[in-house]
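Reading the structure
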Amino acid sequence: MEYQNLQFSNDNGFVTITISREKALNALNKQTMLELEQYFSKDGLEKIDSIKGIILTGAGTKAFVAGADIKEFLGMDTEGGMAMAQRGHDIFFAIERFPRPVIAAVNGFALGGGCELAMACHMRICSENARFGQPEVNLGIIPGYGGTQRLIQYIGKGKAMELLMTADMIKADEAHRLGLVNHVVAQEELLAKARAILEKIASKGPLAIAKIIASVNAYFDHQQDGFNSEVRSFGATTGTSDFVEGATAFVEKRKANFTGK
Ligand code: CAA
């Protein structure tokens, strides 16, 4: 598939994906959602062995993503709305379950579907001008890409209720204080900060990192028992060459050289 709205750069396995619809503040239209699905459910998985980590960001310095594309909403009925939300959930789950670290580098507005997209990533780093919010009630709708569920996970029920019902936007420092973002940095340092975290993670065993992602996600998955998931994941990692290498390197007082096997 030819990508139109996602731009990719790959520096030695560190992939940066830029959502590039700057004139529409990078709003998630159908084509952009299709491309996110294509990458996180197919192309990215096919190339997984060559990927060390992903930075997801928005084009320009004003917006990460200003939400779902409101211009595509007109004429949508209940059936269409449910289909849109279900599809969004599937795509954002693919991001959340992606077996390499995915960091949202939030470079401006992260509203509605944009805040939801950032929350589906494994971590969020934002610039000082970033603004977060779920303004859907202003449109007479509710968040449809997981916002009512994931916002609670990061900031707790009471504060999530407030932001979801008032549609208030919060600034970067408050998002940080609430635990919605991991770090706040100057705009020009945003990608470098995300990259530094990915580089640190890339020095660990990739199989162990994939199992961390699966195990932490299991906590929030009502179909699974997270503790059981951890037992299985721990067992899976102890059966790897990376574990032999990691433990041997510790005993030999040297740096481990992980191969992902
Ligand atoms: N969809 C489509 N176009 C959007 C958009 C969106 N979500 N957000 C911004 N744009 C477009 C504007 O229409 C405008 O385009 P035109 O120049 O062609 O009119 C352009 O981006 C620039 O936007 P503004 O002129 O509005 O810029 P501003 O600086 O005055 O305001 C803003 C910035 C506060 C982010 C404002 O654009 C805004 O409120 N955007 C909508 C935010 C929103 O409601 N998001 C939630 C969408 S619903 C959703 O996401 C549901 C879900 O959970 C899946």
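Per chain, residues are indexed from 1 in the order of the written sequence. Reporting in this predicted model follows two pLDDT cut-offs: at least 70 for local features of residues, and 80 or more for side-chain atom pairs to be given and counted; totals over whole chains, interfaces and linings ignore these cut-offs and use all residues. Side-chain measures here rest on the full set of heavy atoms in the structure, leaving out hydrogens and waters.

Before going further, it helps to spend a moment on the packing of aromatic side chains. Any two of the Phe, Tyr and Trp rings considered here, Trp counted by its six-membered ring, make a pair once their centres fall within 6.5 Å; the pair's planes then place it as stacked at under 30 degrees, edge-to-face at over 60, or tilted in between. Taken as a whole and assessed by the stated rule, the structure comprises seven aromatic pairs. Ring geometry for Phe92 and Tyr145: centres 5.3 Å apart, planes at 65°, overall edge-to-face. Remark: Tyr145 occurs in the loop between strand E8 (131-133) and helix H4 (147-155) and Phe92 occurs in helix H2 (residues 78-96); sequence separation between them is 53 residues. Where Tyr219 meets Phe220, the ring centres are 4.8 Å apart and the plane angle is 80°; that geometry is what we call edge-to-face. Members of the aromatic cluster, connected to one another through ring pairs, are Tyr3, Phe8, Tyr39, Phe40 and Phe98. The secondary structure listing takes helices from DSSP runs of H or I that are at least 4 residues long and strands from runs of E that are at least 2 residues long, numbered from the N terminus.

On to the pairing of strand E3 (residues 53-58), then. Whether a residue is buried, partly exposed or exposed follows from its accessible area with a 1.4 Å probe, protein chains only, as a fraction of its type maximum: under 20%, in between, or over 50%, in that order. Of all six residues in E3, six are buried; the element is thus mostly enclosed. Examined bridge by bridge, strand E2 (residues 14-19) and E3 share six bridges and lie parallel to one another. Considered in E3, the bridge of Ile19 is made with Gly58. Place the viewer so that the strands point away; then a crossover is right-handed whenever the path from the first strand over the helix to the second strand goes clockwise. Note that the unit made of E2, helix H1 (residues 30-46) and E3 has a crossover that is right-handed. Whether two strands pair comes down to DSSP finding at least two bridges between them. The pairing of E3 with strand E5 (residues 102-106) spans four bridges and is parallel. Each bridged residue has a counterpart across the sheet, and for Ile54 the counterpart in E5 is Val102.

Turning our attention to the environment of Lys261. Along the chain, Lys261 falls in the segment after helix H10 (241-251). Taking the C-alpha atoms as reference, Lys261 lies 45 Å from Pro135; in sequence the two are 126 residues apart. Residues within four places of Lys261 in sequence aside, it is in contact with Leu207, Thr240, Ser241 and Asp242. For this analysis, residues touch if any pair of their heavy atoms sits within 4.5 Å.

By the element assignment, Asn5 lies in the segment before strand E1 (6-11). In this structure Asn5 comes out as buried when scored by relative accessible area, which is 10%. Distance and chemistry together define a polar contact, namely a pair of N or O atoms within 3.5 Å, with one atom able to donate a hydrogen and the other to accept it when in protein, and with adjacent residues in sequence counting only for side-chain atoms on both sides. At 3.0 Å, the side chain of Asn5 and the side chain of Thr32 are in polar contact.

Below, the discussion takes up a nonpolar patch on the surface. A cluster of nonpolar residues, Ile212, Val216, Tyr219 and Phe220, forms a patch on the protein surface that exposes about 450 Å² of accessible area. Position of Ile212 among the secondary structure elements: in helix H8 (residues 206-219). For patch building, the residue pool is restricted to those with more than 30% relative accessible area and no salt bridge; the joining distance is 9 Å between like charges and 5 Å between nonpolar side chains (Val, Leu, Ile, Met, Phe, Trp, Tyr). Accessible surface is estimated by sampling points in the Shrake-Rupley manner with a 1.4 Å probe; for residues, cover comes only from the protein chains shown. A carboxyl oxygen of Asp or Glu within 4 Å of a side-chain nitrogen of Lys or Arg is what we treat as a salt bridge.

What follows covers the domain arrangement of the chain. For the chain, the domain assignment lists domain 1 (6-201) and domain 2 (204-251). Placing the centre of domain 1 and that of domain 2 at their C-alpha centroids yields a distance of 26 Å. Contact with domain 1, which involves ten residues of that partner, is made by eight residues of domain 2. Counting each side, the surface lost to burial between domain 1 and domain 2 is near 710 Å², with a carbon and sulfur contribution of 59%. The split into domains, and so the bounds of each, comes from an automatic or database assignment of domains. Note on terms: buried area is the combined drop in 1.4 Å-probe accessible area of two parts once they are placed together, counting the loss on both.

A few words on unusual backbone geometry. Its identity is not glycine, yet Leu25 carries a phi of approximately 50°, on the positive side. If you trace the backbone, Leu25 turns up in the loop between E2 and H1.

Moving on, we get to helix H5 (residues 157-166). Residues Ala160, Leu163 and Leu164 constitute the buried set of H5. Considered in projection along H5, the buried side chains sweep an arc of 95° and stay on one side of the axis. Opposite the buried face of H5, at more than 90 degrees from it, the exposed residues are Gly158 and Met165. The inward-facing, buried residues of H5 abut H4 and strand E9 (170-171). Just beyond H5, the residue with positive phi is Ala167, at close to 65°. Think of the arc as the fan of directions from the helix axis to the C-beta atoms.

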